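# Observations on the model geometry
Spelled out, the chains give:
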Amino acid sequence: MSAAIHDWETESIPGGARVARVFSPTNIALAKYWGKRHTALNLPTNSSLSATLADYGSFTTVAFHKDFPKDRLILNGAEQSGGKAGKVFGVLCDLREIVECDDHAVVMSRNNFPTAAGLASSASGLSAVTFAAAHALGLGRDLTKLSEVARRGSGSACRSLFGGFVEWARGQRDDGEDSVAHQVAGADHWPLAAFLVIATQAEKHQPSTNGMEITRRTSPYFDAWVEAAEASVPVIREAVLKRDFEGLAAEAESNCLRFHASAMAATPPVLYWQGATLDAVHRVWELRRQGVQAFFTIDAGANVVVFADPAHAAKTLEGLKALKGVEILQTRVGEGARLL
Ligand code: PMV
């Protein structure tokens, strides 16, 4: 995890600016969020539960200054104007409203893993912007409140503020005040090993918001997915709390396959997998048959994340290395967003 600061991350900051620099990790859902009950507020159709990863995420600096004429987002060195910038500016507006401030901000963010390739770069990116902007504006203590702001930026971002195992409640309210994240168990409770099996660095063809909407509107399996997804969360929570690896592996894989099945059955089909995705799935099952405690999950992309019992990490890595044409990044369950 390189925290070295690039020139473009400091050159736009004038004296007198209110600045915060943070690292926020990505998180990978063990019980997925897939479907919105309110699109603008990113209110989910079901609760979800994730593991925060230690080493991969976003390094983000936010600087507010009264002389900035507008908000700006510079991502991995390039000025942004499209959808990603819109989400970031929305978070800035929400926070400005809370503290009643008019200053615009420049946001400089860099990911140390592939962006928009189904590895939750929006989770790390939007949680980092929320955390950094809140600190720069003198907010930043109440993570539950911040999780509500981060959620409006990108749903899964609300979970990255916390480390370890994190639950995001569906909530019942129309304004979303009860749709917030909380920590179920810290990283030390069960520091599972995690492997990112990168089949492609390309940006996914179908952003998750579109994929969710197509699935919700057209998949004949969507209602069944939502019902099963809500039932999954307590099962996964209990498995985490008891450190029941087999229970967690079985439920997390089923949850993942049910989400993808509902998406594939949509019209047009929402299919994120490639050949290498399935190769990794079969490899993990082969490893389990050999007694290695590992399981997979797949977000909205072709890449696969494999979790393993820490004592089985070396055997898992060895098994995954036999896969052709993939890059493997190793990490573990870790801490949430933090100031640098
Ligand atoms: O938060 P979004 O809009 O990037 O959607 C994330 C969706 C999944 O990664 C597929 C599932 C999840 O719970 O993170």
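This text goes with the structure placed above it.
The notes below deal with the structure included here. All residue numbers here refer to positions counted from 1 along the written sequence of the relevant chain. Side-chain atom pairs in this predicted model are given and counted only at pLDDT of 80 or more, local residue features only at pLDDT of at least 70, and totals for whole chains, interfaces and linings cover all residues. Hydrogens and waters are ignored; side-chain quantities use all the structure's heavy atoms.

## Examining the overall build of the chain
Secondary structure elements follow DSSP: runs of H or I of four or more residues count as helices, runs of E of two or more count as strands, with numbering from the N terminus. Looking only at helices and strands, the chain features eight helices and 14 strands. Dimensions of the chain along its principal axes, counting C-alpha atoms only, are 60 × 40 × 35 Å. Accessible area is worked out with a 1.4 Å probe on protein chains only. A residue is then buried under 20% of its type maximum, exposed over 50%, and partly exposed in between. Within the chain, the fraction of its 340 residues that count as buried is 58%. Residue contacts are counted whenever heavy atoms from the two residues lie within 4.5 Å of one another. Long-range pairs, those at least 24 residues apart, make up 76% of the contacts in the chain between residues at least 6 apart in sequence. In these tables, accessible area is a Shrake-Rupley quantity obtained with a 1.4 Å probe, and a residue counts as shielded only by the protein chains included in the view. Working note: accessible area of the chain is about 13400 Å², and carbon and sulfur atoms make up 51% of it.

## With respect to the site of the ligand
With respect to spatial proximity, 14 residues lie near the ligand, and among them Tyr33, Ser122, Ser154, Ser156 and Arg159 are the closest. Here a polar contact means two N or O atoms within 3.5 Å. Within protein one must be a hydrogen donor candidate and the other an acceptor candidate, and residues neighboring in sequence count only if both atoms are side-chain atoms. Within the contact set of the ligand, an oxygen atom lies 3.3 Å away from a side-chain nitrogen or oxygen of aspartate 299. Starting from 380 Å² of accessible surface for the ligand in isolation, the protein chains cover 95%. Looking at the shell around the ligand residue by residue, the class counts come to six nonpolar, five polar and three charged. It suffices for a single heavy atom of a residue to lie within 4 Å of a molecule or strand for the residue to be listed as near it. Three residue categories are used. Nonpolar comprises Ala, Val, Leu, Ile, Met, Phe, Trp, Tyr, Cys and Pro, charged comprises Asp, Glu, Lys and Arg, and polar comprises the others, including Gly.

## Here we look at the nonpolar core
Definition used in this section: a nonpolar core is a set of buried Ala, Val, Leu, Ile, Met, Phe, Trp, Tyr and Cys residues joined via side-chain atoms within 4.5 Å. Trp34, Val62, Phe64, Leu92 and Leu95 are the most contacted members of the largest nonpolar core, which has 47 residues in total. Ranked by the residues each element gives to this core, the list is headed by helix α2 (residues 121-136), at eight residues. Ignoring anything within four residues of it in the chain, the contact list for leucine 95 reads Thr130, Ala133, Ala134, Leu137, Leu139, Leu146 and Val149. Counting 30 residues, the second largest nonpolar core, distinct from the first, contains Phe113, Val184, Ala187 and Val305.

## Brief notes about the packing of helix α1 (residues 83-99) against α2
Helix axes use the C-alpha atoms of the stretch in contact, all axes being lines fitted to C-alpha atoms, and the angles between their N-to-C directions lie in the range 0 to 180 degrees. Between α1 and α2, the shortest axis-to-axis distance is 10 Å and the interhelical angle comes to 30°. Here α2 runs roughly parallel to α1, going by the angle between their axes. The hand of the α1/α2 crossing is right-handed. The segment α1 lies against α2, with Lys87, Val88, Val91, Leu92 and Leu95 engaging Leu126, Val129, Thr130, Ala133 and Ala134. Its residues assigned to classes, the contact of α1 with α2 comprises eight nonpolar, one polar and one charged. Here the angle decides the label: under 35 degrees means roughly parallel, over 145 means roughly antiparallel, 65 to 115 means roughly perpendicular, and every other value means oblique. Crossing handedness: left-handed means the near helix sits turned counterclockwise from the far one by under a right angle, and right-handed means the same turn made clockwise.

## Comments concerning the packing of aromatic side chains
Geometry of aromatic contacts follows a simple scheme: Phe, Tyr and Trp rings, the Trp one being its six-membered ring, pair when their centres are within 6.5 Å, and the pair is stacked under 30 degrees between planes, edge-to-face over 60, tilted otherwise. Scanning the model with the defined rule gives ten aromatic pairs in all. Pairing phenylalanine 23 with phenylalanine 59 gives two aromatic rings, centres 4.9 Å apart and planes at 50°, and the pair type is tilted. With phenylalanine 23 in strand β1 (residues 18-31) and phenylalanine 59 in strand β4 (residues 48-65), this residue pair connects regions lying 36 residues apart in the sequence. Note on accessibility: phenylalanine 23 and phenylalanine 59 belong to one class, buried. Between tryptophan 190 and phenylalanine 245 the ring centres are 6.2 Å apart and the planes differ by 85°, which places this aromatic pair in the edge-to-face class. Remark: phenylalanine 245 occurs in helix α6 (residues 245-264) and tryptophan 190 occurs in the loop between β9 (181-185) and β10 (193-198); sequence separation between them is 55 residues. Owing to a relative accessible area of 5%, phenylalanine 245 belongs among the buried residues under this scheme.

So yeah, pure geometry; function would need other evidence.
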